[in-house]
Amino acid sequence: MAKQKTAIVPTREENYPEWYQQVVRAADLAENSDVRGCMVIKPWGYALWENMQAVLDAEFKRTGHKNAYFPLFIPKSFLEKEAEHVEGFAKECAVVTHHRLEDDGAGGLKPAGELEEPLIVRPTSETIIGAAFARWIESYRDLPLLINQWANVVRWELRTRLFLRTAEFLWQEGHTAHATAGEAQEETALIHDVYADFAEDVMAMPVMKGEKTAGERFPGAVQTFTIEAMMQDRKALQAGTSHFLGQNFAKAQDIMYLSDEGQREHCWTTSWGVSTRLIGGLIMTHADDDGLVIPPRLAPAHVVILPITFKAEDPDAVIAYCEQVAEDLRRQAYAGRPIVVELDKRDIRGGDKTWQWVKKGAPLRLEIGQRDIAEDSVFMARRDQSPKEKQGVKRELFINNVASTLQQIQDGLLEKARAFRAEHTRVVNAKDKFYKFFTPPGNGNAANDNADGAAPIHGGFALSHWNGDEAIADRVQMDLGVTIRCIPLEGELERCGFADAAGEGKCIFTGEPSKTRVVWAKAY
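Residues numbered from 1 in each chain as written. Predicted model: local features only at pLDDT ≥ 70, side-chain atom pairs only at ≥ 80, totals over all residues. Heavy atoms only, no water.

Enquirer: I tried to follow the pairing of strand β5 (residues 94-103) on my own but got confused; where do I start?
Expert: The side chains of a regular strand alternate between the sheet's two faces. Bridge count for β5 against strand β6 (residues 109-121) is eight bridges, and the pairing is antiparallel. Residue Ala94 lies in a different strand from β6, and its bridge partner there is Val121. (Pairing = 2+ DSSP bridges. Helix = DSSP H or I, 4+ residues; strand = E, 2+ residues; numbered from the N terminus.)

Below you can see the structure in the form of structure tokens.
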């Protein structure tokens, strides 16, 4: 039997969907729960989410938002007030109809106590928060009202994948109310930028900022803005959205204020959110065939120290040296928080221990034995390099430079991801070339390729002109499984390095005039 060459089997090229599942398992991030479609987020995975929360929460508060919490259960009548909204979520709703259990007489339990009105388990909170806003807002002096909540939501998914699509997931959802459309639109743009900056500066995940088409818009919104990232299978991941809701929800929920002119007027509202799907995005942007690779700004542990005590004359001295290195490192800071150090003293084989941390993606590993102590040095390995690349570094030099080393890794991951996106983004000016770009090698039916299949990796982002006809977009989705990910914001193509794609042109499907190219891709 051939010796395994990578820590993760299969590799990305062999079977990308299965590779993803194996990385999640090997990195000890999460597992499927006993409740179908739900997941258990394990400590290493939850620490990633906590670090994401910490950065985003600080940014929300810096921009004037305050946290609150709203009920998990939403009366059915609330969703019925906004027809387009309820239509968008109806097929995903979990419904509570009873409030207790009784003995069924056969050794089991049966639901009893039917509710007067069914309750929907929160799929999103526009309606329940809108009802609170209607109570809280009286005059223009109460505006703007800027609220965020960290919560869980339930959307009943039949085909699930850890972090990317589960029946229950964690997220934050922001909801704001304003006196004017302009102020609400400014808020929508502000949060759109917050998400994009977080993705690129913290996650090292390059994104394209743009507006969703009418067919891809959030149910009930006037405008939806998105950040779209390319994963290593060249599919797009919608990583965050910010919605300008106009007055649609304000009118449905009677959210009104008394203007400074004494007139009763409806507010203008927004909503916006990101979720634990970001962890899936992080995995698919940076992980390799040896496991997870974590950007240092989000790492649960920046440095892992592995004492080499096997055959050591004085194992206690090795541990003491490692503890001192850990203490010295913890006095250093990186990106606004102390260096987090994991000292792994478990009594297991050194090779097994090393590979566990490789697969978990810790940015820096230090192996320290008696020889290193004698030279007052550490043996360092970086996760962004080959597992076999290690180097001896004087202890004081490593400690003093640890923050700059971590930033080198952070910057390198972003540049690598940008280069990957550039390599697999095409300016496409003809329909036949467009269809060829998205058709898997040897597969005559591109629409059969989906997120759960193991088709050869192909496609990417196509930048092509489109005349705005939703029927054409529907046809392309039916033929190829490809959707319009976004209409890039003004200047966004240039910002992302695709200046040659900017400007007006002709729709590649009809020849009609087109103001700008749009981003097409297969997607999660």
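Right, picking up where we left off after that structure.
Enquirer: How should the sheet that holds β6 be read in this particular structure?
Expert: Where strands meet in a sheet, backbone hydrogen bonds hold them as pairs that are either parallel or antiparallel. What the three strands build is an open sheet, ordered β4-β6-β5; its pairing is antiparallel. Every interior strand has two partners, whereas the edge strands, β4 (73-75) and β5, have only one. Strand-to-strand twist in this sheet, taken as the mean axis angle between neighbours without regard to direction, amounts to 45°. (Axes fitted to C-alpha atoms, helices over the stretch in contact; angles between N-to-C directions.)

Enquirer: Could you clarify how one ought to interpret the sheet that holds strand β19 (residues 364-368) in this entry?
Expert: Across the sheet, which stays open at both edges, the five strands sit in the order β18-β15-β19-β20-β21 with mixed pairing between neighbours. Of all the strands in the sheet, just β18 (341-343) and β21 (390-394) have a single pairing partner and so form its edges. Between one strand axis and the next, the sheet turns through 30° on average, direction left out of account. Looking at chain direction, strand β20 (residues 377-382) and β21 are connected through five bridges and run antiparallel. Bridge pairing in β21 links Met380 to Gln391. Sheet contacts for helix α9 (residues 315-330): β15 (303-307), β18, β19 and β20; angle to β15, the most-contacted strand, approximately 170°. (Contact = heavy atoms within 4.5 Å.)

Enquirer: It is not clear to me how unusual backbone geometry should be interpreted in this structure. Could you clarify?
Expert: When glycine is set aside, most residues are seen to have a negative phi, and most peptide bonds are trans. Val9 connects to Pro10 through a cis peptide bond whose omega is 5°. Along the polypeptide, Pro10 turns up in the segment before α1 (16-26). Look at the link from Leu143 to Pro144: it is a cis peptide, with omega at -5°. Within the element layout of this structure, Pro144 appears in the loop between α5 (126-136) and β7 (145-154). Positive phi, normally seen in glycine, also occurs at Asp28, with a value near 60°. Tracing the sequence through the fold places Asp28 in the loop between α1 and β1 (30-32). Relative accessible area serves as the criterion here: at 30%, Asp28 is assigned to the partly exposed category. The phi angle at Asp376 is positive, at roughly 50°, despite the residue not being glycine. Judged by relative accessible area, which is 36%, Asp376 ranks as partly exposed. (Buried < 20%, exposed > 50% of the residue type's maximum accessible area, 1.4 Å probe, protein only.)

Enquirer: For this particular structure, what's the right way to read the side chain of Gln253?
Expert: Examined against the element boundaries, Gln253 turns out to sit in helix α7 (residues 248-253). Classification of Gln253 by relative accessible area gives buried; the value is 6%. Aside from chain neighbours lying at most four places away, what touches Gln253 is Phe78, Lys81, Thr127, Gly130, Ala131 and Ala134.

Enquirer: Any chance you could explain the state of the cysteines here in plain terms?
Expert: Disulfides are covalent bonds that link the sulfur atoms of two cysteine residues. Inspection of the entire model under this criterion finds zero disulfides. Cysteine Cys38 shares no disulfide, and the gap to the nearest cysteine sulfur, in Cys93, comes to 15 Å. (Disulfide = S-S within 2.5 Å.)

Enquirer: Please clarify how helix α6 (residues 181-202) should be interpreted in this entry.
Expert: Between the first and last C-alpha of α6 there are 31 Å, a value that for 22 residues agrees with the 32 Å anticipated at 1.5 Å per step. Among all positions of α6, only Ala184, Glu187, Thr188, Ile191, His192, Val194, Tyr195, Ala196, Phe198, Ala199, Glu200 and Val202 are buried. Downstream of α6 by a residue or two, Ala204 has a phi angle that is positive, lying close to 55°. (Expected span 1.5 Å × (residues − 1).)

Enquirer: When you look at the pairing of strand β9 (residues 208-211) in this model, what are you seeing that I'm missing?
Expert: Both faces of β9 are covered, namely the face carrying Met208 and Gly210 and the face carrying Lys209 and Glu211. Sheet analysis places β9 next to strand β10 (residues 223-230), joined by four bridges and oriented antiparallel. In the strand pairing of β10, Glu211 is matched with Phe225. Pairing of β9 with strand β24 (residues 483-488) involves two bridges; the strand directions are antiparallel. Within the sheet, the bridge partner assigned to Gly210 lies in β24 and is Pro488.

Enquirer: Got a minute to help me understand helix α14 (residues 470-480) in this structure?
Expert: Each α-helix turn comprises 3.6 residues. Residues three or four places apart therefore point the same way. For α14, every residue scored as buried is listed here: Ile472, Ala473, Val476 and Leu480. End-on view of α14: buried residues confined to an arc of 100°, all on one side of the axis. Elements in contact with the buried residues of α14: α13 (431-437), β24 and β27 (517-521). Two to three positions downstream of the cap, the backbone nitrogen of Ala471 sits 2.9 Å from a side-chain oxygen, assigning the N-cap of α14 to Asp469. Where α14 ends, the next residue or the one after it, Gly481, has phi of about 70°, a positive value. (Arc of directions from axis to C-beta. Polar contact = N/O pair within 3.5 Å; in protein donor to acceptor, adjacent residues only side chain to side chain.)

Enquirer: Looking at this structure, I do not really get the packing of aromatic side chains. What am I missing?
Expert: What describes a pair of aromatic rings is the distance from one ring centre to the other and the angle between the planes of the rings. Taken as a whole and judged by the stated rule, the model has 17 aromatic pairs. Ring geometry for Phe60 against Trp150: centres 6.3 Å apart, planes inclined by 35°, an arrangement best described as tilted. Linking Phe60 in helix α2 (residues 43-62) with Trp150 in strand β7, this pair joins segments that are 90 residues apart in sequence. Looking at Phe60, the relative accessible area reads 1%, which means it is buried. An angle of 35° between the planes, with centres 5.9 Å apart, marks the rings of Phe70 and Trp136 as tilted. (Phe/Tyr/Trp six-rings, centres within 6.5 Å; stacked < 30°, edge-to-face > 60°.)

Enquirer: Would you mind going over the pattern of salt bridges with me for this structure?
Expert: Two side chains that carry opposite charge are able to pair once their charged atoms sit near each other. Evaluated as defined, the whole model comprises 26 salt bridges. The closest approach of N and O atoms between Arg331 and Glu327, which form a salt bridge, is 2.7 Å. Residue Glu327 is classed as partly exposed on the basis of its relative accessible area of 38%. Lys515 is paired through a salt bridge with Glu504; the nearest N and O atoms lie 3.8 Å apart. Of the two residues, Lys515 sits in the loop between β26 (513-514) and β27 while Glu504 sits in the loop between α15 (492-495) and β25 (505-506), which places them eleven residues apart along the sequence. For Lys515, a relative accessible area of 66% gives the class exposed. Through salt bridges with shared partners, one network takes in Glu200, Glu415, Arg418, Glu492 and Arg495. (Salt bridge = Lys/Arg side-chain N within 4 Å of Asp/Glu carboxyl O.)

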